Amino acid sequence: MAEITADQTVITTADGVPLKTRLAQAERRKKIAAFALVLPLLAFILITFIVPILDMTFRSVDNPVVAATLPRTLAALETWETGKIPDEPIFAILAEEMVAGAKARTIGKVATRLNYEIPGSRSTITKTARKLKRIKQGPYKEAFLKIDKRWGDPDLWARLKQIGSPYTLSYYLAAVDMRYDAEGSIVSQPEDRQIYVPLFWRTLWVSMLITVLCLVLAYPIAYLMATLPTGISNLLMIMVLLPFWTSLLVRTTSWIVLLQTEGVLNDIAVWTGLIGDENRLQMIYNMTGTVIAMVHILLPFMVLPLFSVMKTISPSYVRAARSLGATPPRAFWTVYFPQSVPGIGAGSLLVFILAIGYYITPALVGGRTGQLISNFIAFHMQKSLNWGLAAALGGILLLGVLALYWLYNRLVGIDNMKLG
Amino acid sequence: MKRLTKYTSLTAALAAAGLLTATPVLAQKALTIVSWGGAYTKSQLEAYHKPYTAKTGIKINSADYNGGLAEVRAQVEAGNVTWDAVDLELSDVVLGCDEGLLETIDPAILPPAPDGTPAAKDFVSGALHECAVGTIVWSTVYAYDTTKYPGKKPATMADFFNTKAFPGKRGMRKGPKPNLEFALIGDGVPVDKVYETLSTPEGVDRAFAALDRIKDEVIWWEAGAQPPQMLADGEVAMTTAYNGRLFNAIFTEKKPFEIVWDGQVWDLDLWGIPRGSKNLKQTLDFVKFSTDTQRLADQAKWISYGPVRKSSLPLVASDMQPHMPTYTENFKNALQNNFEWWADHQDEMNERFAAWLAK
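Rules and cut-offs
Residues numbered from 1 in each chain as written. Chains lettered and ligands numbered in written order. Predicted model: local features only at pLDDT ≥ 70, side-chain atom pairs only at ≥ 80, totals over all residues. Domains from an automatic or database assignment. Contact = placed C-beta atoms within 7 Å. Helix = DSSP H or I, 4+ residues; strand = E, 2+ residues; numbered from the N terminus. Nonpolar A, V, L, I, M, F, W, Y, C, P; charged D, E, K, R; others polar. Core = buried A, V, L, I, M, F, W, Y, C linked by C-beta atoms within 7 Å. Buried ≥ 20, exposed ≤ 12 C-beta atoms within 10 Å, placed from the backbone. Axes fitted to C-alpha atoms, helices over the stretch in contact; angles between N-to-C directions. Left-handed = near helix turned anticlockwise from the far one by under 90°.

(A) Layout of the domain arrangement of chain B. Residues and elements named next belong to chain B. On domain assignment, one finds that chain B holds domain 1 (6-137 + 268-323) and domain 2 (139-266 + 333-358). Using only C-alpha atoms to locate each centre, domain 1 and domain 2 end up separated by 28 Å. Taken together, the contacts link twelve residues of domain 1 with eleven residues of domain 2. When contributions to the side of domain 1 that touches domain 2 are tallied by element, the ones reaching two or more residues are helix H2 (38-56) and helix H4 (90-98). With four residues, H4 is the single largest residue contributor to the side of domain 1 that touches domain 2. The class makeup of the residues in the side of domain 1 that touches domain 2 is eight nonpolar, four polar and no charged.

Written as structure tokens, this is what we have:
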């Protein structure tokens, strides 16, 4: 068999350029054009979504304050013998840096940071910085100890050294109810301060409960909407959408009016003699209230994907199954239900992910037992300004959601999801 | 105090921020003054903003927020400060000053009292901070529904914690502050020993033990508008609340509530200026103007929060005086919120309170 050389097979265009090259060029132009078209969206997502998330996540390990404010003290502490009160030279360096820090107004951040590790130590730092301004010369060790005797505690120094590293895991530890002790090993928080791990579990559990309740309630509605004549199903659709368009706050407040102990439901129950006036049920400001209000608010997110999937299921399949002798339940279960699974998947994922990050409704009707993890993320963002801890809590939540998404993909398959 | 719901304030803040960035030309002529909304902001509009605009021609945009320093911190860290002055709680002032989020304000610039007393002596203790200037005294008190207690009426903080003598649900703020103080006062600790007691582990245990006794009867509120509403709905028989909110419910809406001033914990609101304010000079001028003797007294016409200047008190209308936290009768057994103690212990107490609450 004769060998065909490469030269012989090259087909060229009219101007002599190989056709393959031309084709590649055309393809590339097309790709660039397509990319240019999605570029605005990509930039939008990058700027408003990816970058903020990365920035916030970075804050959960970022720990620049002490290293930037007290660099020479930290260097001096390198050779310090743990468990002893440092000597005069270290005190002198710290004094100098604290005065400079007070002038630059960064010492307060050091105080706040140290206070996360040793409650009550904030004032030790701020007070010392304030009083040091008036002390012009040593010996500084005595001066420090006179201002606050805590400076004689080697643990305080150990902590100062500990939080001097530019990156830290302590926010993540705090987010799972752990902490470093003075020696730097990881221990549990004291029992009366452990809140986040139980909260994560509660959030997970409540979100799943809400998802299941939404599914149970939404499935028959969606089924009716998909199978009834257009006139009635439109009416149903409007009834589903009306609350969807109503302000979240209004809906939550309405639930308060309905469910509170002097509210409509309790009044009716007392009036009809179901319960006594003194045994009114506590249905709001607890977990019950949170679940009821959230199920109501998230219900449309389950109904709509279910409906859009059920709409595409041809009624002839069930009819065929019936004509072949299947009982109605069996026809439903083996023919109809499997076809509606993509809608269940989409709706469940949507409701679950929305529920896990919800915070306004739990804040308003959650009371003592209905708080979720997002309430604490909001608290640390807005009130305590501990953005590191907020970022760590948010990071763990994000990881959890991604893990569940992965699990879902393995079990159901994301290609099986249909949003409409 | 005076909290609106979280997102309305957020929208307002966003709207305000949007307004300013959209009109940079006007930025020099207008100040953005941020406060808590509702009746409280209205009192500031009437007493400060309108007279200031009338005097100087400088327009004031009033924006609402829901407390906390999150927005201030975001603006300062992004280097784009759009809020000129913010009405802050003392605890936020301390935190914001430490974090370097607020401009320092020299109290020497403030006008003296009409009789010549320098400002530093005229303001009540703690109202002049390195980073802020006080405007009002507000307080957390408790009030009860008079129709629920036809016989013996609650009169002391101890009565609030006594569910045997005074049965009925209680409303309390969902947070340790100032419930720990209330618990100790109710448990018999004299007001001047409260923070001393709280500084020992046994004292904190004692406060939580006192709260434990009424825990099952308590409904927890978060926004300042909630407690008067819960009282009006009959959801609770007595509740802690901010005194201005209660005044509004009692005198404007004619509700049958009675305030118990015994054991009140009072606090301050102050003007703070986010660091890097673009209109610093003008804002300082506004702060000076709004905290003079007359202006502070004027504000008390509109809301029952007390002026922080001693010289303002005599100028407050006599029918308003009995509703002020600082009125002699009301002030007999009062405790000032100790911001230093809270700055030291808030992280610890918040976590402990949350853990206690969930148990």
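What follows picks up the thread again.
(B) The arrangement of the nonpolar core in detail. Within the largest apolar cluster, 159 residues are counted, with the highest numbers of intra-cluster contacts made by Leu298 of chain A together with Ala143 of chain B. Apart from the residues within four sequence positions on either side, Ala143 of chain B is in contact with Leu231, Met238, Thr239, Ala241, Leu246, Phe257, Glu258, Ile259 and Val260 of chain B. Val65, Val66, Leu94 and Ile163 of chain A belong to the second-largest nonpolar core, a separate cluster that totals 25 residues.

(C) Structural context of the domain arrangement of chain A. One can read the domain layout of chain A as domain 1 (7-52), domain 2 (65-164) and domain 3 (196-416). Computed over C-alpha atoms only, the centres of domain 2 of chain A and domain 3 of chain A are separated by 52 Å.

(D) Structural view of unusual backbone geometry. Looking along the chain, the bond that leaves Lys177 of chain B and enters Pro178 of chain B is cis, with omega of -5°. If you trace the backbone, Pro178 of chain B turns up in the loop between strand S6 (170-173) and helix H7 (179-186). With phi around 60°, Asp177 of chain A is a residue other than glycine that occupies positive phi space. Mapping Asp177 of chain A onto the fold places it in the loop between helix H10 (170-175) and strand S1 (178-180). The backbone of Leu385 of chain A shows a phi angle near 60°, a positive value even though the residue is not glycine.

(E) Inspection of the interface of chain B and chain A at higher detail. Tallying the contact residues gives 32 residues for chain B and 33 residues for chain A. With 14 residues, the top contributor of residues to the side of chain B that touches chain A is helix H14 (residues 339-358) of chain B. Partitioning the side of chain B that touches chain A into residue classes produces twelve nonpolar, seven polar and 13 charged.

(F) The arrangement of helix H3 (residues 70-78) of chain B in detail. Considered for burial, the residues of H3 of chain B that qualify are Ala70, Glu71, Val72, Gln75 and Val76 of chain B. Gly79 of chain B sits one or two residues past H3 of chain B and shows a positive phi near 70°.

(G) Structural context of the packing of helix H2 (residues 19-59) of chain A against helix H20 (residues 387-411) of chain A. All names here are of chain A. In contact at an axis separation of 7 Å, H2 and H20 are set at 115° when each is read in the N-to-C sense. In the crossing of H2 with H20, the sense of the turn from one axis to the other is left-handed. In this structure, H2 contributes Met56, Thr57 and Arg59 to the contact, and H20 contributes Trp387, Gly388, Ala391, Gly394 and Gly395. Class assignment of the residues belonging to the contact of H2 with H20 gives a composition of three nonpolar, four polar and one charged.

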